[in-house]
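Observations on the model geometry
Listed here are the chains, written in short residue letters.
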Amino acid sequence: MRKLRDEQKGGIFLGIIALIIIAVVLFFMYSLKTDRVREIVEDEKTIKMIMLVEDDDGDEVFSTLVFYDPETTKCASYNIPAYTGSIFESLGRTDSLAAVYKNKGIDVYKKEVEKMTGITIPFSIVIKMEDFVKITDMMGGMRVFISSPIDCISEEGERWLLPSGAVNLDGDKISVYLRYRTEDETDDDILDRYQNVVVAFLTNLHDNRFKIFDTNNYERYGSCISSNLSESDEKSLLKILSEVDAESVIRQTVTGSYRTVEGNRLLIPINNGDFLKISVEQTANMITASDGNAAGHVYVLQVLNGTSIDGLAGKTVKTYRDASYNVMPADNAPPTDETVIIDYIGNETAAKKIGQLIRCNNIRDATEEEVEENSRKASVDFTIILGRDFAGAR
């Protein structure tokens, strides 16, 4: 056998050293690789994500802000109608969020939603309708409730047919369920359908999690979803979401008044968006309560009518319930000139936020006698007494 020359030995030695260096570098690269999703969850405790489905023309079908707390496994879906309007800096005009998405894309859309809601939203996923159809079929369909059979014709001549009852719809039927419109439907009816689909999606994610996140299967599901994450982080996000308690998803939607701006019918959030910010914050807080009632997070309110206007307190109760507060049934109080908020728990910050919704700055701490009486009867955190000066929440 021929002996290796010294230079050959040196070359082999250098080659071995190079392989060792490469192995060490790869080891450290793998060791230092971080899971961005889990880092954010550990830091913020909750997942905040925009989920948007778009049609074949690239227009928004629906968009929802998903809150999820992995510790409690509770989730909230905050529907953001496409026709929600504001003065959008990205467009330089008053328009709808649908226009923001159509003209600027999901990243700018997410930033505008962050401004409107007052929170940071780390994650976004977009699913095209054709891919939503595919993923529905791969999940074995989506179960929704339809109160009465649907048999109508679209403006394009497409016939929409859906059965009634609690039915499992395949991908094509889910597409119809999202797109059909009848003359007697309200905006709330349509938004309720969108919420039903979000809940069905989360339910299927949970029920099929072992199949979906199998190494050999996920690529098929992941190919239907576009997100602002890497493939591995996207999988991590959906895997965390798959542990959701889908049966107790909290449903909320943007509320406001309708205005027509340059021919477009827009939903303008109440109080220049202050109501929306408070409502979103309250909704996010609700899912962190392990006992399900968010005690200490979502405050219990009492609204009393100190005016002669019937139904005024009832309307105010609805305003606060829409903002995710726990509110006792409305009641009457002795006549009073001034609206006042009585704080039983000494939380000035929370009291001011409650006052913002009805434009009330008149806040005072409860007296010892009021605290004692409250503990015996109502056990509320704040009492709102409406006076003759009350101008309403809107």
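Let's talk about the pairing of strand S5 (residues 93–96)
Where strand S4 (residues 85–88) lies against S5, four bridges are found, and the strand directions are antiparallel. Along S5, the bridge assignment pairs Gly85 with Ser96. Hairpin connection from S4 to S5: four residues lie between these consecutive antiparallel strands, with Gly92 at a positive phi of about 70°.

Let's talk about unusual backbone geometry
A positive phi angle, near 60°, is found at Thr73, a position not held by glycine. Its relative accessible area of 25% is what places Thr73 among the partly exposed residues. With phi around 55°, Arg359 is a residue other than glycine that occupies positive phi space. Locating Arg359 in the fold gives a position in the loop between helix H13 (348–356) and strand S19 (363–365).

Section: the nonpolar core
If you look at the biggest cluster of nonpolar residues, it comprises 58 residues, and the most contacted ones within it are Met49, Phe132, Ile135, Leu178 and Phe201. Top element by residues in this core is helix H7 (residues 187–207). It accounts for ten residues. Not counting the four nearest positions on each side in its chain, Met49 is found in contact with Thr64, Leu65, Val66, Ile121, Phe123, Ser124, Ile125, Leu237 and Leu241. Grouped together as the second largest cluster of nonpolar side chains are 28 residues, Leu65, Ile119, Val126 and Leu276 included.

Some thoughts on a negative patch on the surface
Residues Glu183, Asp184, Asp188 and Asp189 make up a contiguous surface patch of negative charge. Take Asp189: it is sitting in helix H7.

What to know about the pairing of strand S8 (residues 150–153)
A one-sided burial pattern is seen for S8, the buried positions being Ile150 and Cys152 and the unburied ones Asp151 and Ile153. Across four bridges, S8 lies against strand S9 (residues 159–162) in antiparallel orientation. When the sheet's bridge partners are listed, Cys152 is paired in S9 with Trp160. As consecutive antiparallel partners, S8 and S9 are separated by five residues, and within that stretch Gly157 has a phi angle of approximately 95°, a positive value.

Observations regarding the layout of surface pockets
Unoccupied space between atoms shows up once a probe the size of one water molecule is rolled over them. Its boundaries defined by the atoms lining it, the largest pocket holds a volume of some 810 Å³. Taken together, 31 residues line the largest pocket, and the ones lying closest to its centre are Asp55, Leu178, Arg179, Arg181 and Tyr194. If you list the elements that add at least two residues to the lining of the largest pocket, you get strand S2 (60–69), helix H3 (97–104), helix H6 (171–179) and H7. Looking at the lining of the largest pocket residue by residue, the class counts come to 14 nonpolar, five polar and twelve charged.

Remarks on the pattern of salt bridges
Within this structure, the stated rule accounts for 17 salt bridges. Ionic pairing is found between Asp131 and Lys134, a salt bridge with its closest N-O pair at 3.9 Å. Taken together, the residues span about one helical turn, with Asp131 and Lys134 both in helix H5 (residues 129–138) at a distance of three residues. Note that Arg159 and Asp151 form a salt bridge whose closest N and O atoms lie 2.8 Å from each other. Each of Glu89, Glu112 and Lys115 takes part in one network of salt bridges that share partners.

Scoring rules and cut-offs
- Each chain carries its own residue numbering, running from 1 in the written order of its sequence.
- With the structure being a predicted model, the display of local features is reserved for residues of pLDDT at least 70 and the display and counting of side-chain atom pairs for 80 or more, all residues being used for whole-chain, interface and lining totals.
- Heavy atoms throughout the structure, all of them, feed into the side-chain values; hydrogens and water do not.
- Any two strands are treated as partners once DSSP identifies two or more bridges connecting them.
- In DSSP terms, a helix is any run of H or I states spanning at least four residues, a strand is any run of E spanning at least two, and both are numbered starting from the N terminus.
- When accessible area is computed with a 1.4 Å probe and restricted to protein chains, residues below 20% of their type maximum are described as buried, those above 50% as exposed, and intermediate ones as partly exposed.
- What makes a nonpolar core is a set of buried Ala, Val, Leu, Ile, Met, Phe, Trp, Tyr and Cys residues whose side-chain atoms join them at distances within 4.5 Å.
- Contacts are residue-level and defined by heavy atoms, with any inter-residue pair within 4.5 Å sufficient.
- Like charges are joined within 9 Å and nonpolar side chains (Val, Leu, Ile, Met, Phe, Trp, Tyr) within 5 Å, but only among residues with over 30% relative accessible area and no salt bridge; these make up the patches.
- Per-residue accessibility takes into account occlusion by the displayed protein chains alone, with areas from the Shrake-Rupley method and a 1.4 Å probe.
- By definition, a salt bridge exists where a carboxyl oxygen of Asp or Glu is found within 4 Å of a side-chain nitrogen of Lys or Arg.
- When charges are counted, Lys and Arg contribute as positive and Asp and Glu as negative, whereas His and the chain ends are disregarded.
- Charged groups are reduced to one reference atom each: NZ for lysine, CZ for arginine, CG for aspartic acid, CD for glutamic acid.
- Residues are said to line a cavity or pocket when one of their atoms sits within 4 Å of a point; the points come from a 1 Å grid over protein atoms alone, cavities being sets where a 1.4 Å probe fits but cannot get out and pockets being open sets with protein on both sides within 12 Å along at least five of seven lines.
- Grid points are joined across faces, edges and corners, and a volume is the space filled by probe spheres set on the points.
- The residue classification treats Ala, Val, Leu, Ile, Met, Phe, Trp, Tyr, Cys and Pro as nonpolar and Asp, Glu, Lys and Arg as charged. All others, Gly included, are polar.

Function cannot be read off these values alone, since they describe shape.
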